[in-house]
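Understanding the architecture of this molecule
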Amino acid sequence: MAGALVDRYPRKWVMLAADLGGGVATGFLLLLYLLGRLEVFHLYLVSALTGALSSLHWPALSAMLEKKGYARASGMMSLAESLAGVGAPVLAAALLKPLGLGGVFALDLLGAGAAVLTLLLVPIPGLPPRTGPRTSLREEALYGFRFILERPLLLGLQLMFFGINLLTALGSTVLPAMVLAKTGMSEATLALVRSAAGLGGVAGGLLLSLWGGPRKRVHGVFLGMALSSLALALMGAVEGPSAWAVLAFLESLFIPVLNGSNQAIWQAKVPLSVQGKVFAARRMIAWFANPLGMALAGPLADGVFAPRYGQGEGIALMLLLFGSLGVLWGLSGYLLPKVREAERLLPDAKENQAAAP
């Protein structure tokens, strides 16, 4: 539904609604905390709400960028996300004691306010003129899926992402359990590995924003899948915090290049007027693999691998297995001629092309 809303209403106001909704959710938590009524289930509800609101923000932001500079812009977006991912937990831990939980919630509200103020000040281009009669919101929501299904080359590229996301989730979900099991529950080691992964995302986003990615984007997609999966597989084969941290850095380093290259392909091939619907459908196809992989990873670790090989070694074997399959999956894209040549075979969408559902 998010994609249909993004293409129906001005994208600036859609993003404002998402940021305002996030601020209201945080204000709700702050109010409950000050009243002494905050419960754990409130956090689940607010997390679900903010997740839904973020599904509005991403397609709206992605659909506004010019395709000629999209890879670099995608790198800058990844850089910002990674910096926040590294810095926010550190700041939260440092500020929690002097400010308390209420103070942290208040800072979150200030952040939402800064986001809203920025959107109000920045000029954002409007949508191309709509052609044809207005259809229902449900039909517009389904249009993104129809657009992809009618273009087998784009569908094949998206199924590649579904597969790699599933394999990555099967391994990375239980990575913290492996680190803790092999280090006697050392939280410091886990923090080191996670921080290294965050720094890798920062470096990858910076690299893509400066470089712009390979000229033939599918190389960034297929090799990015293979190299990030190789780092994940090697984490199951090596021992020690330093080795895990280096490999976590490398795994995250290739992900912005992978995602930015893929985004550049879609940006070029999808008409501007329907990018919200198509990008939302594309993200749903790819990201559905994440909760599926997470749901399977735990039972596989505790019910299959750990009983046979031990907790730490069993999970290490999972990383090695699913990471290796990810390498093969990424390289298999070169064996599919139509997917490999999607950039050449699919015509570019015109900037002012209006394609009403």
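See the structure printed just above.
Residues numbered from 1 in each chain as written. Predicted model: local features only at pLDDT ≥ 70, side-chain atom pairs only at ≥ 80, totals over all residues. Heavy atoms only, no water.

We now examine the overall build of the protein. On a plain count of helices and strands, the protein comes out with 15 helices and zero strands. Along the first, second and third principal axes, the C-alpha set of the protein runs to 65 × 60 × 35 Å. The burial tally for the protein puts 46% of its 357 residues in the buried class. Sequence-distant contacts in the protein: of pairs separated by 6 or more residues, those separated by 24 or more amount to 84%. In the structure as shown, the protein presents an accessible area of about 17500 Å², 71% of it carried by carbon and sulfur atoms. Taken as two groups, the 27 positive and 18 negative side-chain charges of the protein have centres that lie 8 Å from each other. (Helix = DSSP H or I, 4+ residues; strand = E, 2+ residues; numbered from the N terminus. Buried < 20%, exposed > 50% of the residue type's maximum accessible area, 1.4 Å probe, protein only. Contact = heavy atoms within 4.5 Å. Areas by Shrake-Rupley, 256 points an atom, 1.4 Å probe, with all protein chains shown as cover. Lys, Arg positive; Asp, Glu negative; His and termini not counted. Charge placed at Lys NZ, Arg CZ, Asp CG, Glu CD.)

With that settled, the discussion passes to the environment of isoleucine 265. Within the secondary structure, isoleucine 265 sits in helix H10 (residues 241–269). Once the C-alpha coordinates of isoleucine 265 and glutamate 343 are considered, the two residues, 78 residues apart in sequence, prove to be 6.6 Å apart. Setting aside anything within four residues of it in sequence, one finds isoleucine 265 in contact with Leu157, Arg217, Val218, Val221 and Glu343.

Axis separation between helix H7 (residues 175–182) and helix H13 (residues 311–332) bottoms out at 8 Å; the angle between their running directions is 145°. H7 and H13 meet at a crossing whose hand is left-handed. Where H7 approaches H13, its residues Leu175, Ala177, Met178, Ala181 and Lys182 are matched on the opposing element by Gln311, Gly312, Glu313, Ile315, Ala316 and Leu319. Of the residues that constitute the contact of H7 with H13, the class distribution is seven nonpolar, two polar and two charged. (Axes fitted to C-alpha atoms, helices over the stretch in contact; angles between N-to-C directions. Left-handed = near helix turned anticlockwise from the far one by under 90°. Nonpolar A, V, L, I, M, F, W, Y, C, P; charged D, E, K, R; others polar.)

Within the fold, asparagine 262 resides in helix H10. Contacts of asparagine 262, omitting those with residues within four sequence positions, involve Leu157, Gln158, Phe161, Val221 and Arg282.

Enumeration according to the criterion identifies eight salt bridges in this entry. When the shortest N-O distance is used, the salt bridge between lysine 182 and glutamate 313 registers 3.3 Å. Highlighted residues: lysine 182 in helix H7 and glutamate 313 in helix H13, separated in sequence by 131 residues. A relative accessible area of 22% means that lysine 182 is categorised as partly exposed. Across the pair arginine 344 and glutamate 341 runs a salt bridge, and its minimum N-O distance is 3.2 Å. For arginine 344, a relative accessible area of 60% puts it in the exposed group. (Salt bridge = Lys/Arg side-chain N within 4 Å of Asp/Glu carboxyl O.)

A few words on the packing of aromatic side chains. Across all of its chains, the model carries three aromatic pairs by this definition. Look at tyrosine 33 and phenylalanine 105: their rings are 6.4 Å apart centre to centre, the planes differ by 75°, and that puts the pair in the edge-to-face class. Of the two residues, tyrosine 33 sits in helix H2 (residues 11–34) while phenylalanine 105 sits in helix H4 (residues 70–121), which places them 72 residues apart along the sequence. Among the residues examined, tyrosine 33 registers a relative accessible area of 35% and is labelled partly exposed. Exposure remark for phenylalanine 105: the relative accessible area of 11% places this residue in the buried category. Summarising the aromatic geometry, the rings of phenylalanine 222 and tyrosine 334 are spaced 5.1 Å apart at their centres and angled 70° between planes, so their arrangement reads as edge-to-face. (Phe/Tyr/Trp six-rings, centres within 6.5 Å; stacked < 30°, edge-to-face > 60°.)

Here the focus is H7. Count 3.6 residues to each turn of an α-helix, and residues three or four apart come out pointing the same way. Those residues of H7 that sit buried are Leu175, Pro176, Met178, Val179 and Leu180. Following H7 by one or two positions, glycine 184 adopts a phi angle in the positive range, close to 65°.

Position of alanine 233 relative to the elements: it lies in helix H9 (residues 217–235). In this structure alanine 233 comes out as buried when scored by relative accessible area, which is 3%. Note: C-alpha distance between alanine 233 and leucine 137 (96 residues apart in sequence) is 43 Å. Excluding residues within four positions of it along the chain, alanine 233 makes contact with Leu319, Leu320, Gly323 and Ser324.

This brings us to the side chain of serine 209. Mapped onto the fold, serine 209 is located in helix H8 (residues 187–211). Here serine 209 falls in the buried class, since its relative accessible area comes to 13%.

With that settled, the discussion passes to the nonpolar core. Counting 27 residues, the largest nonpolar core has Leu157, Val221, Phe222, Met225, Trp266, Val270 and Val278 as its most contacted members. Where this core is concerned, the elements lending two or more residues are helix H5 (137–149), helix H6 (152–172), H9, H10 and helix H11 (275–287). Per-element accounting of this core gives the leading share, six residues, to H6. Setting aside residues no more than four positions away along its own chain, methionine 225 makes contact with Met160, Phe161, Ile164, Leu258, Gly326 and Gly330. Met178, Ala231, Met235 and Met318 belong to the second largest nonpolar core, which has 25 residues in total. (Core = buried A, V, L, I, M, F, W, Y, C linked by side-chain atoms within 4.5 Å.)

Let us now look at unusual backbone geometry. Of note in the backbone geometry, methionine 185 takes a positive phi value of approximately 65° without being a glycine. Looking at where methionine 185 falls in the secondary structure, it is placed in the loop between H7 and H8. According to the relative accessible area criterion, methionine 185 is exposed, its value standing at 59%.

A separate point is a nonpolar patch on the surface. A cluster of nonpolar side chains, Trp13, Leu117, Leu120, Leu121 and Val122, forms an exposed patch at the surface whose accessible area comes to about 530 Å². Looking at the nonpolar patch element by element, the count peaks at three residues for H4. A relative accessible area of 37% means that valine 122 is categorised as partly exposed. (Patch = residues over 30% accessible without salt bridge, like charges linked within 9 Å, V, L, I, M, F, W, Y side chains within 5 Å.)

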